[in-house]
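Chain by chain, the residues run as shown.
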Amino acid sequence: MTQDELKQAVAKAAVDYIRPKLESDSIIGVGTGSTANFFIDYLAGVKAHFGGAVASSEATAARLEGHGIPVYDLNEVDGLIVYVDGADESDSNLCLIKGGGAALTREKIVAACAGEFVCIADGSKWVDVLGGFPLPVEVIPMARAHVSRELAKLGGSPEYRAGVKTDNGNDILDVHGLSIADPVLLENQINQIVGVVTNGLFAQRSADVLLLGTPAGVETKYKA
């Protein structure tokens, strides 16, 4: 199976997973990226069974609306029954690295408001230790150099993602060379740096379930 076929398989499995939980007034949080896009496409097939969605990016909102799925501002809803999104890496505790698509801050906010966080990914995203994928950090533009120096003190090699602005108007630093043995600790340490909006470690709010696409089929994984 190709990587896209694996992504399609987990996207369809995610719709099957959440379908029994849906009610007419349910609001779903939807993430950003190629796997999330496949999920949106399959979600359109059950759009009559829930009330609408909250999007983690402008691109996701446009894709949802293109399928006729109502999109709400997060401030307009009381909560989300579930949040479905992809990941750049996942460990056995379902701590994640996210942010390859530069939507990490809004993704983290939407995930925090959801009753359940369902991560969907192909098998290449499953790792023993996080950090092979560069860790994205969203920063206030004027603080980029300061934050880079502080990230270097933590053992990383930050690289400015040139030409990219987040939906919030901020910059992204991608931190290479990390081996993240304690994701919760590092998430907190980075978030304490002045000028950091947030970082792409989803450890304090990790996924509740991971649907992992493999050539043998979709595996359902829970926290170790």
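Each chain carries its own residue numbering, running from 1 in the written order of its sequence. Side-chain atom pairs in this predicted model are given and counted only at pLDDT of 80 or more, local residue features only at pLDDT of at least 70, and totals for whole chains, interfaces and linings cover all residues. With hydrogens and water stripped out, all remaining heavy atoms of the structure feed into the side-chain values.

Chemist: Describe helix α5 (residues 144–153), and please don't skip the residues or the numbers.
Modeler: Owing to its 3.6 residues per turn, the α-helix brings residues three or four apart onto one side. Among all positions in α5, only Val-147, Ser-148 and Leu-151 are buried. Taken down its axis, α5 places every buried residue within 105° of arc, on the same side. Set apart from the buried face of α5 by more than 90 degrees, the exposed residues are Arg-149 and Lys-153. The contact criterion used throughout is that any non-hydrogen atoms of two residues lie within 4.5 Å. Labels follow the DSSP assignment, with helices taken as runs of H or I lasting at least four residues and strands as runs of E lasting at least two, numbered in each case from the N terminus. Turning to α5, the residues buried within the fold contact β7 (135–139), β8 (157–160), β9 (171–176), α6 (183–191) and β10 (196–199). Phi for Gly-155, located one or two positions after α5, is positive at around 100°. The buried label applies to any residue whose accessible area, calculated with a 1.4 Å probe on protein chains only, is under 20% of its type's maximum; exposed applies above 50%, and partly exposed to all values in between. Think of it as the arc spanned by the lines of direction from the helix axis to the C-beta atoms.

Chemist: Could you give an account of a nonpolar patch on the surface, naming the residues involved and the relevant values?
Modeler: Patch membership requires over 30% relative accessible area and the absence of a salt bridge. Like charges are linked within 9 Å, and nonpolar side chains (Val, Leu, Ile, Met, Phe, Trp, Tyr) within 5 Å. Only the protein chains shown count as cover for residues, and all accessible areas are computed by the Shrake-Rupley method using a 1.4 Å probe. By definition here, a salt bridge exists when the distance from a side-chain nitrogen of Lys or Arg to a carboxyl oxygen of Asp or Glu is within 4 Å. A cluster of nonpolar residues, Ile-140, Met-142 and Val-197, forms a patch on the protein surface that exposes about 310 Å² of accessible area. Within the secondary structure layout, Val-197 lies in strand β10. Residue classification places Val-197 among the partly exposed positions, given a relative accessible area of 33%.

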